[in-house]
Amino acid sequence: MATRKTPETLTAVERAAALVRQGAQLPALSVTPNKPPPTARADARNAAYNALVSANLNQVARPSRPAVPTPSLDPKADPDDSFSMLPINELEAYGHNPRTGKNPRYDDLKASIIADGITNPITVTRPHHEAKFHPYGGGNTRLAIAKELYESGDNRFSHLKVIVKAWPGHANVISAHLAENENRGEISFWERAQGVADFKAQFEAEHSSVLSTGELARELKSHGINFGVKVIQNFAFAVEHLKPLGQWLMAKEVNEIIRPGLAGAMTVATYFGVRNTADLFEPVLLKHRDQLLAGMAAGSGPKDTADAETKPVELDAAELVTDLHQALATAVGVSPEVVPLMISAVESNSRITADELRAIQIRKPTAAVTDEGASVHAPAPAPQQRALAGMLAGVPRAPAPAAAPTASAAPAGHGVTPAPSQSPAQAGAPTPVQPPPMQPVVSAAKRNPRLPDQVKEGDPTAHVLSLVLDISDLVVLHDCILHVPEMPFGYLMDLPASLENVGDKTLPYPQLRAAAWKFLASLSGQVDPQWFTLADPEQSRWASAAVQGPDVFRQSYSGSLRACTAETGDPAMLLAEVYLMFNQPELGYLTVQLLRAMEQLRLDHPERFVRTVTPDPDLPD
């Protein structure tokens, strides 16, 4: 008996058939799934999707274009940082290598390569695939040795293992060579100068721009080469103006002697209408070059002994500058010794005229007459001080005074000698007459006659004292200078008895005398009580007034330098007085030389300046 199914066990079809038999109305069937009602957000999303599909279909429907290779990609370019074995004949030295001379370690490197081969592969590059490879950032010496050994029959060097770099441009390759040589310290001043000039030219050509000195310094620094702006300026000056002497140039001499001397002479030449200074100075450079080449040829000849050493041929920078100044002096019709003064005058006043430059004269050292009647000439300047020749002749010997000074002798340990206040007429020597703009009032032979006898040979302050006395000759300060060996620079400026007169002589430059006095006093160290107390108050008006208190000091100071002090009477130097000093070419030149000599003394003898400067609170600031 068949089992009767209940409605729960009927299939959907059977249940539908049963309902039809019973006369029930069934709903129409639909294949559309039930969806939730659409929203605005869903409609927007569907619209964007449909638009994207349509755009892609349109893109696919377009006709295809032939592929074009990227212009910056060269299919024949060398892969960067790849290893390769290259025939020795496919390698050559780099034509822009800053090193132009033979590597001083060539023989040592050659011996090492013969024994062990080239242990460090040379990094190479080339500008295009048709060119030969050359070293990148060093390796020219190793390549030259390998070629020499291969040509001598050593087949180990027929091929070299190298590292190939993609071509970065000449500027980058030059900078890599410069950096490598700088790190090894095996490159001369001239080779550095040429390398920097070559880098600048290649960089400007590759980037179609012009580099200023500051931009060049920054660009080199970005390549690992740290040259200051002044060093780069010296390089440029040497390449432009000193090429005949390039291989003999030294950095310090170019910076301190040759460039200032030649550049100043070239500037002065333009004031006299000389436009082509190269024609004026190049013969001097060529003469010195020929002398150096002759010296090298003589040194390379046969030696008397097998172990004789060849003395290196060196350029005499001071002699070169002297000859350059001689050429300028001959061209414009002046004395060679006056050229340094002209250079100083042009530097301090660019509006000076040729006539004013011609008016500058130099004082020749005069001979002093001793008690026995013999003439004693001032010593000639040392060769290394060519720029000071004829004017800064050191501390000359001079006759002892006819009578001892009336002031009491200084106590032991003070070492203070007052300068006698006497005029040139009383000294018995004629006053040299010089053309304008300025005339020395006191001759070198009669200035502070006891001071030179106090300066012993080898005294570190001798050069400073000589310059102080040179300034004194122009503005008459010999009645104020006291020799105090214990003070930093060996002197103290005493208060003058009068600005307008020395003895019975009326002075022509009282304001300039006061300005120079203040300047020298400010440099001497006498404003510091630790120093001026070394002077004997019985012989120094400055020390005597200072120890009596600020009121007495101000009264004495303003009385001695009246009309040329600050309103308060304090020790002060007005800006107008500084201008007054430097407005006189010869005085300005001497002042600059004095500052240089003082700084050199400070560097050479720091023990003279060990005391801390502590101004006296009772003295004005």
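Each chain has its residues counted from 1, running along the sequence as written. The predicted nature of this model means local features are confined to residues of pLDDT at least 70 and side-chain atom pairs, given and counted, to a pLDDT of 80 or more, with totals for whole chains, interfaces and linings taken over all residues. Excluding hydrogens and water, the side-chain values take into account all heavy atoms of the structure.

(A) Here's a closer look at the overall build of the protein. Helix and strand assignments come from DSSP, with helices taken as H or I runs of at least 4 residues and strands as E runs of at least 2, each series counted from the N terminus. Looking only at helices and strands, the protein features 22 helices and 10 strands. Categorising residues by exposure relies on relative accessible area from a 1.4 Å probe, with only protein chains included: less than 20% of the type maximum marks a residue as buried, more than 50% marks it as exposed, and the intermediate range marks it as partly exposed. Counting every position in the protein, which comprises 621 residues, the buried fraction comes to 39%. Here the contacts in the protein between residues at least 6 apart in sequence split such that 72% fall between residues at least 24 apart. Carbon and sulfur atoms form 54% of the exposed surface of the protein, whose accessible area is close to 34500 Å². Whether two residues touch is decided by their heavy atoms; if any such pair falls within 4.5 Å, the residues are in contact. Here the open area of atoms and residues is found with the Shrake-Rupley method and a 1.4 Å probe, where only the protein chains shown may cover a residue.

(B) Layout of the pattern of salt bridges. Any carboxyl oxygen of Asp or Glu that lies within 4 Å of a side-chain nitrogen of Lys or Arg is treated as forming a salt bridge with it. All told, the structure shown has 9 salt bridges when counted by the stated rule. Arginine 192 serves as the salt-bridge partner of glutamate 182, at 2.2 Å between the closest nitrogen and oxygen. In this pair, glutamate 182 sits in helix 5 (residues 170–184) while arginine 192 sits in helix 6 (residues 189–207), placing the two residues 10 residues apart along the sequence.

(C) Focus on the side chain of arginine 99. Relative to the elements of secondary structure, arginine 99 occurs in the loop between strand 1 (82–87) and helix 3 (106–116). What qualifies as a polar contact is a pair of N or O atoms within 3.5 Å, subject to a donor-acceptor requirement within protein and to the restriction that residues adjacent in sequence count only when both atoms come from side chains. Side chain to side chain, arginine 99 and asparagine 181 meet in a polar contact 3.3 Å long. What arginine 99 contacts, discounting residues up to four positions off in sequence, is Pro104, Asn181, Glu186 and Glu191.

(D) Examining the packing of helix 6 against helix 7 (residues 213–222) more closely. Running from amino to carboxyl end, helix 6 crosses helix 7 at an angle of 95°, the nearest separation of the two axes being 11 Å. By the angle between their axes, helix 6 is roughly perpendicular relative to helix 7. Here Val196, Phe199, Lys200 and Phe203 of helix 6 lie close against helix 7, whose contacting residues are Leu216, Glu219 and Leu220. Each residue gets one label: Ala, Val, Leu, Ile, Met, Phe, Trp, Tyr, Cys and Pro are nonpolar, Asp, Glu, Lys and Arg are charged, and the others, such as Gly, are polar. Each residue belonging to the contact of helix 6 with helix 7 can be placed in one class, and the counts come to 5 nonpolar, no polar and 2 charged. Note on geometry: axes are C-alpha line fits, over the in-contact stretch for helices, and angles between N-to-C directions span 0 to 180 degrees. Oblique is the label for any angle not under 35 degrees, not over 145, and not in the 65 to 115 range, which are roughly parallel, roughly antiparallel and roughly perpendicular in turn.

(E) Representation of the pairing of strand 2 (residues 122–125) within the structure. In this structure, strand 2 lies alongside strand 4 (residues 159–164), joined through 3 bridges in parallel fashion. Within strand 4, the residue paired with valine 124 across the bridge is valine 164. A pair of strands counts as paired when DSSP detects no fewer than two bridges linking them. Pairing analysis gives 2 bridges linking strand 2 to strand 3 (residues 134–135), with the strands arranged antiparallel. Directly across from valine 124, in strand 3, lies its bridge partner proline 135.

(F) Spotlight on the sheet that holds strand 2. Sheet architecture is open: 4 strands sit in the order 1-4-2-3, paired in mixed fashion. In this open sheet, the two strands that pair with only one neighbour each are strand 1 and strand 3.

(G) Here's a closer look at the packing of aromatic side chains. Aromatic contacts are taken between Phe, Tyr and Trp rings whose centres are within 6.5 Å, Trp giving its six-membered ring; a plane angle under 30 degrees counts as stacked, one over 60 as edge-to-face, and the others as tilted. Under the definition given, this model contains 6 aromatic pairs. For the ring pair phenylalanine 227 and phenylalanine 235, a centre distance of 5.2 Å and an interplane angle of 85° mean the geometry is edge-to-face. Across the pair, exposure class does not vary: phenylalanine 227 and phenylalanine 235 are buried alike. Aromatic pair tryptophan 517 and tryptophan 542: ring centres 6.0 Å apart, planes at 50°, arrangement tilted. Taken together, the positions of tryptophan 517 in helix 17 (residues 510–524) and tryptophan 542 in helix 19 (residues 541–547) put the pair 25 residues apart, joining distant regions of the chain. Looking at tryptophan 517, the relative accessible area reads 1%, which means it is buried. Cluster of aromatic residues (ring-pair linked, three or more members): Phe189, Phe227 and Phe235.

(H) A look at the environment of alanine 197. By the secondary structure assignment, alanine 197 is in helix 6. The exposure class assigned to alanine 197 is partly exposed, which follows from its relative accessible area of 32%. The spacing of alanine 197 and glutamate 240 is 43 residues in sequence and 9.8 Å in space, taken between C-alpha atoms.

(I) Highlighting the packing of helix 16 (residues 462–475) against helix 17. The N-to-C vectors of helix 16 and helix 17 enclose an angle of 165°; their axes lie 10 Å apart at closest approach. The pairing of helix 16 with helix 17 is recorded here as roughly antiparallel in orientation. Here helix 16 and helix 17 pass one another in a crossing that is left-handed. Two secondary-structure elements touch here, helix 16 through Val468, Ile471 and Val475 and helix 17 through Leu512, Arg513, Ala516 and Leu520. Crossing handedness is read from the near helix: turned anticlockwise from the far helix by less than a right angle, it gives a left-handed crossing, and turned clockwise, a right-handed one.

(J) Representation of helix 4 (residues 140–151) within the structure. Each helix should span, by expectation, one fewer than its residue count multiplied by 1.5 Å. The end-to-end C-alpha distance of helix 4, which contains 12 residues, comes to 17 Å, matching closely the 16 Å that a straight helix rising 1.5 Å per residue would cover. What helix 4 keeps buried is the set Asn140, Thr141, Leu143, Ile145, Ala146 and Leu149. Tucked into the core, helix 4 has its buried residues touching helix 3, strand 2, strand 3, strand 4 and helix 5.

(K) Up close: the confidence of the model for the protein. Values of pLDDT, the confidence the predictor places in each residue, fall between 0 and 100. Summing up the model confidence of the protein, the mean pLDDT is 75 and the portion of residues at 70 or higher is 70%. Least confident of the elements in the protein is helix 14 (residues 424–427), whose mean pLDDT is 37; most confident is helix 8 (residues 229–241), at 95. The model gives residues 67–73 a pLDDT under 50, and that stretch makes 0 contacts with residues more than four places away or in other chains. The model gives residues 364–437 a pLDDT under 50, and that stretch makes 157 contacts with residues more than four places away or in other chains.

(L) Here's a closer look at the nonpolar core. Within the largest apolar cluster, 61 residues are counted, with the highest numbers of intra-cluster contacts made by Leu249 and Leu328. At the level of secondary structure, the elements contributing two or more residues to this core comprise helix 5, helix 6, helix 7, helix 8, helix 9 (251–271), helix 10 (277–299), helix 11 (317–332) and helix 12 (339–348). In contact with leucine 249, other than residues within four places in its own chain, are Phe189, Trp190, Ala238, Leu242, Val254, Ile258 and Leu315. Within this scheme, the nonpolar core is defined by two criteria: the residues are buried Ala, Val, Leu, Ile, Met, Phe, Trp, Tyr or Cys, and they are joined through side-chain atoms within 4.5 Å. Membership of the second largest hydrophobic core comes to 46 residues, among which are Val464, Leu465, Phe519 and Leu590.

(M) Structural detail: the layout of surface pockets. Roughly 550 Å³ of internal volume is contained in the second largest pocket. Taken together, the elements giving at least two residues each to the lining of the second largest pocket come down to helix 3, helix 4 and helix 5. Residues belonging to the lining of the second largest pocket are distributed by class as follows: 6 nonpolar, 15 polar and 7 charged. For cavity detection a 1 Å grid was placed over the protein atoms alone, and a set of points counts as a cavity when a 1.4 Å probe fits there but cannot get out; an open set counts as a pocket when protein lies on both sides within 12 Å along at least five of seven lines, with lining residues being those that have an atom within 4 Å of a point. Grid points are joined across faces, edges and corners, and a volume is the space filled by probe spheres set on the points.

(N) Broad picture of the environment of cysteine 480. For cysteine 480, the position within the fold is in the loop between helix 16 and strand 7 (481–483). On the accessibility criterion, cysteine 480 (0% relative accessible area) is buried. On a C-alpha basis, the gap between cysteine 480 and leucine 492 in space is 8.1 Å, while along the polypeptide they are 12 residues apart. Excluding its chain neighbours within four sequence positions, the residues that come into contact with cysteine 480 are Leu492, Met493, Asp494, Pro496, Arg513 and Trp517.

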